[in-house]
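Here is what each chain is made of, one letter per residue.
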Protein chains: 2
Amino acid sequence: MEVYLDNNATTKVDPKVLEEMLPFFCDIYGNPNSLHRFGAGTHPKMLEALDYLYEGIGAADEDDIVITANATEANNWVIKGAWIEYILNGNKNHIITSEVEHPAITATCRFLETQGVNVTYLEVNEEGVLDAQSVKDAIREDTALVSIMWANNETGKLFPVKEIGLICKTTGVPFHSDATQAIGKVKVDVQANDVDMISFSAHKFHGPKGVGGLYIKKGVSLPPYMHGGEQMGGRRAGTVDVASMVGMGKAMQMATNTMAIAYEKNHVGMLRDKLEKAILKIPDTVVIGGRENRTPNTTLISIRGVEGESMLWDLNQNGIGASTGSACASEDLEANPVMNAFGSDSELAHTGIRFSLSRFNTEEQITNAVTRLRGISSSYAYTPKKYA
Amino acid sequence: MEVYLDNNATTKVDPKVLEEMLPFFCDIYGNPNSLHRFGAGTHPKMLEALDYLYEGIGAADEDDIVITANATEANNWVIKGAWIEYILNGNKNHIITSEVEHPAITATCRFLETQGVNVTYLEVNEEGVLDAQSVKDAIREDTALVSIMWANNETGKLFPVKEIGLICKTTGVPFHSDATQAIGKVKVDVQANDVDMISFSAHKFHGPKGVGGLYIKKGVSLPPYMHGGEQMGGRRAGTVDVASMVGMGKAMQMATNTMAIAYEKNHVGMLRDKLEKAILKIPDTVVIGGRENRTPNTTLISIRGVEGESMLWDLNQNGIGASTGSACASEDLEANPVMNAFGSDSELAHTGIRFSLSRFNTEEQITNAVTRLRGISSSYAYTPKKYA
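1. Concerning the packing of helix α9 (residues 242–256) of chain B against helix α10 (residues 258–280) of chain B
Residue and element names in this part refer to chain B.
In step 1: Where α9 meets α10, the axes come as close as 5 Å, and the angle between the chain directions of the two elements is 60°. Considering the angle they form, α9 stands oblique to α10. Side by side, α9 and α10 meet where Met254, Ala255 and Thr256 of the first sit next to Thr258, Ala260 and Ile261 of the second.
In step 2: A breakdown of the residues in the contact of α9 with α10 according to their chemical character gives 4 nonpolar, 2 polar and no charged.

2. Here's the deal with the packing of aromatic side chains
In step 1: Inspection of the entire model under this criterion finds 9 aromatic pairs over all chains.
In step 2: Seen from their ring centres, Trp83(B) and Phe111(B) are 5.7 Å apart, and the 85° between their planes marks the pair as edge-to-face. One end of the pair, Trp83(B), is in helix α5 (residues 71–88); the other, Phe111(B), is in helix α6 (residues 103–114), with 28 residues separating them in the sequence. Each member of the pair, Trp83(B) together with Phe111(B), is buried.
In step 3: Members of the aromatic cluster, each reached through a chain of ring pairs, are Trp83(A), Phe111(A), Trp83(B) and Phe111(B).

3. Observations concerning the pattern of salt bridges
In step 1: In this structure the tally under the stated criterion is 32 salt bridges over all chains.
In step 2: The shortest N-O distance in the salt bridge between Arg235(A) and Asp64(A) comes to 2.8 Å. A residue pair is termed long-range when its members are at least 10 positions apart, and Arg235(A) in the loop between β8 (212–216) and α9 (242–256) and Asp64(A) in strand β2 (residues 64–68) qualify at 171 residues.
In step 3: A relative accessible area of 17% places Arg235(A) in the buried class.
In step 4: Put simply, Glu20(B) and Lys45(B) hold a salt bridge, and the shortest N to O gap is 2.8 Å. Here Glu20(B), found in helix α1 (residues 15–21), pairs with Lys45(B), found in helix α4 (residues 43–57); they are 25 residues apart in sequence, far enough to count as distant.
In step 5: The class of Lys45(B) is partly exposed, set by a relative accessible area of 28%.
In step 6: Linked by salt bridges that have partners in common, Asp6(A), Glu154(A) and Arg354(A) make up one network.

4. Section: the domain arrangement of chain A
All names here are of chain A.
In step 1: Split into domains, chain A comes out as domain 1 (3–9 + 266–377) and domain 2 (15–259).
In step 2: For domain 1 versus domain 2, the separation of C-alpha centres amounts to 27 Å.
In step 3: With 27 residues of domain 1 in contact, the opposing surface of domain 2 contributes 27 residues.
In step 4: Summed over both partners, the interface of domain 1 with domain 2 buries about 2200 Å², with 52% contributed by carbon and sulfur atoms.
In step 5: Put simply, domain 1 and domain 2 have 10 residue pairs in polar contact (both at pLDDT 80 or more) between them.
In step 6: Of all the secondary-structure elements, those providing two or more residues to the side of domain 1 that touches domain 2 are β10 (298–303) and α12 (337–341).

5. Overview of the sheet that holds strand β5 (residues 143–147) of chain A
Residues and elements named next belong to chain A.
In step 1: Here 7 strands make up an open sheet; going across it, the order is β2-β8-β7-β6-β5-β3-β4 and the pairing mixed. The open sheet has two free edges, formed respectively by β2 and β4 (118–122), since each of these has just one partner strand. When the angles between neighbouring strand axes are averaged without regard to direction, this sheet yields 20°.
In step 2: Here strand β6 (residues 175–178) runs beside strand β7 (residues 197–201); their pairing, made up of 3 bridges, is parallel. Its bridge partner lying in β7, Asp178 is registered against Ser199.
In step 3: Packing of helix α8 (residues 161–171) onto the sheet brings it into contact with β5 and β6, and relative to β6 it is tilted by some 160°.

6. Here's the deal with the interface of chain B and chain A
In many analyses, interface size is given as the accessible surface area lost on bringing the parts together.
In step 1: Facing 73 residues of chain B, the contacting portion of chain A comprises 71 residues.
In step 2: Summing the contributions of chain B and of chain A, the shared interface buries around 6000 Å²; its carbon and sulfur component is 63%.
In step 3: Linking chain B with chain A are 2 salt bridges, by the criterion used here.
In step 4: With a shortest N-O distance of 2.7 Å, Arg37(B) and Glu2(A) are connected by a salt bridge.
In step 5: Linking chain B with chain A are 24 residue pairs in polar contact (both at pLDDT 80 or more), by the criterion used here.
In step 6: Ranked by the residues each element gives to the side of chain B that touches chain A, the list is headed by α5(B), at 7 residues.
In step 7: Classifying every residue of the side of chain B that touches chain A by side-chain character gives 32 nonpolar, 27 polar and 14 charged.

7. Focus on the confidence of the model for chain A
Residues and elements named next belong to chain A.
In step 1: Taken residue by residue, chain A gives an average pLDDT of 92. The fraction at 70 or more is 91%.
In step 2: Considering only residues more than four positions removed or in separate chains, one finds that residues 326–335, a stretch of pLDDT under 50, has 33 contacts.
In step 3: Within the model, pLDDT remains below 50 along residues 382–388, and this stretch shows 10 contacts once partners closer than five positions in the same chain are excluded.
In step 4: In the predicted complex, the global pTM is 0.95; the interface-specific ipTM is 0.95.

8. Details of the pairing of strand β6 (residues 175–178) of chain B
In step 1: The side-chain alternation of β6(B) yields two buried faces, one formed by Phe175(B) and Ser177(B) and the other by His176(B) and Asp178(B).
In step 2: With respect to chirality, the unit in which strand β5 (residues 143–147) of chain B leads through helix α8 (residues 161–171) of chain B into the neighbouring parallel β6(B) is right-handed.

9. Regarding the side chain of Arg372(B)
Residues and elements named next belong to chain B.
In step 1: Of note, Arg372 is situated in helix α13 (residues 363–382).
In step 2: One buried charged residue, Arg372, remains without a salt bridge, the closest side chain of opposite sign being Glu2 at 7.4 Å.
In step 3: In this structure the side chain of Arg372 is engaged in a polar contact, spanning 2.4 Å, whose partner is the side chain of Asn368.
In step 4: In this view, Arg372 contacts Met1, Val3, Asn318, Gly319 and Ile320; residues no more than four positions away in its chain are not counted.

Thresholds, definitions, all that
Residues numbered from 1 in each chain as written. Chains lettered and ligands numbered in written order. Predicted model: local features only at pLDDT ≥ 70, side-chain atom pairs only at ≥ 80, totals over all residues. Heavy atoms only, no water. Axes fitted to C-alpha atoms, helices over the stretch in contact; angles between N-to-C directions. Helix = DSSP H or I, 4+ residues; strand = E, 2+ residues; numbered from the N terminus. Parallel < 35°, antiparallel > 145°, perpendicular 65-115°, else oblique. Contact = heavy atoms within 4.5 Å. Nonpolar A, V, L, I, M, F, W, Y, C, P; charged D, E, K, R; others polar. Phe/Tyr/Trp six-rings, centres within 6.5 Å; stacked < 30°, edge-to-face > 60°. Buried < 20%, exposed > 50% of the residue type's maximum accessible area, 1.4 Å probe, protein only. Salt bridge = Lys/Arg side-chain N within 4 Å of Asp/Glu carboxyl O. Domains from an automatic or database assignment. Buried area = accessible area lost by both parts, 1.4 Å probe. Polar contact = N/O pair within 3.5 Å; in protein donor to acceptor, adjacent residues only side chain to side chain. Pairing = 2+ DSSP bridges. pLDDT = per-residue confidence, 0-100. Right-handed = clockwise from strand over helix to strand, strands pointing away. Lys, Arg positive; Asp, Glu negative; His and termini not counted.

Here's what the structure looks like:
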């Protein structure tokens, strides 16, 4: 029995999502912006998809949701858009973010630093999150943007978005949140939280890869990142990928309706807790960032003396797909700044294993995984790996 | 009988392409960069897709082909990458392009002009193409990039890529060509033509929407456009859309093999010629840019006194999907700079209709379309549309 527990990396497309997409490959294949019926035939399902997206994140009708290739594009767009609009062509020169953002934010900020932009990377506390007050303290006269994630990809820890939203609203600084790991796991409501922009990727909530979105509140000024045709109201050029957009809409609807969020909290959360409790019985294990205030599907666990990558390999041999929390894993592209934040010199930095569940995991799978994990960990108990 | 003749806007996904994509939605859905088998399971077909892409455009093994969301992203990347690398952080300040590029090039260049960059938009001749010599004449000490399309999206006219390639090679200026409308219609060989970079979009050659590529010759310096993870060798961040990449590979293979190119030239070209000849029997019709040296699938035709948009509507009512060549068509996002180049004040500018065929068009469809076109045009003959 294969058990996939790496849903924060990517998810299985829900078969119902694929079903919605299929007509748009070989049958209703026109360009939505064409004048003829081959193009117009795409419109009803695209509008339905947009409705699902607006409802899913609590956007107002007058706000924009722009379809992108993924959250990485949305994140690049926000950071570099703020650079061009407020820094290159304005009088600002400062961006605030955290030290535990996804690389799509941090690498983009590092690039801006090479262009002379000041970036503040706010530190996180022992729980791997930051205080909203630290955002307030960091805001300067020349701050162009605050970008703080909604939920961390490694720990699942939730950030104080509402408090940060209020601070930014009060001080007049645009507030962007990378909500990639929050959608479908907790309720994301952009209006209730005073967020100006959020990024998301469909493949993190059982939609297809290669499509995501950027929510932009009405009135927020952000130049296009993709120049060209007038698609997406002139905000994002490029022929609209209808199949993917329709798929993302359906995936959003399925992931964010009230029952889905309740199922995530109760059922997926219960399975995660069951897995976590079993692992915590192994001596010297700890949940990184603690067990409170997290997305229901994620746990990042350190087993002292067990190198993350070795453990991952053994899990893989046993049919379990997970992810290391270690920044050392060369092929792990979501290398974990959280572990670095806790101290990359410490033993801990090499030991994290991330298990991330989804609605497709069954109780049987988790029971089975626990059994196999016990077997693996007992072999480690006799021959703990040593490393510098 | 519906007849789709707007293949330069977008194409039907080949059912064989979809078949290749299907396993990667719900079954082999892992992140290719994950360490576990769920990720590794994607690798064989991804490598196969890359092979098809390299072979399809004649790239060398040491060159890079980077998967993007579409040609619009690739075009934005090249233009803005050159801006950052050679202009903002270098001593160049000039870009050369033509006045008939796709908006993804021209709109991006217009944006750079707002940032103080000098852009030369080379004029085209009465055939809608430019002389390679005009590129040579325009090159300056501070020229950072030459970007000239391979084939025009409206007329299908082929540009002197080989001559421009040689000029750029000799003068040491990077040469990019938007090959979006050339792939699958004529042989595209980047090495034989000394091209440094080309852009393409899968949905123009019966692949899926939402995926394209940028070829970058070894040694050409271009900073990433999407910062983040280390996907695509660090050149383009964002989780790889495996299904789309595999689909694009298959589509490339099917569109660019020797038999496919011959079929395009002979069969699709024959159908286009048949359609064109029938339309040319209507009085006062002309093929914009002339009939020589074009892609085999495209014709842009002006019927004097017949407004493009009205004609398009009548065609649509008769089940024929085509496109206007008029820059006035508000929803036509590939509004036609070619018509402007011929003089936007002239009657001609309002009259162009583009028919673009594909291997999915049949002789029966074309015969049928010709009959319907005659009916439409005869009604026009009695009541010619007048306009300013």
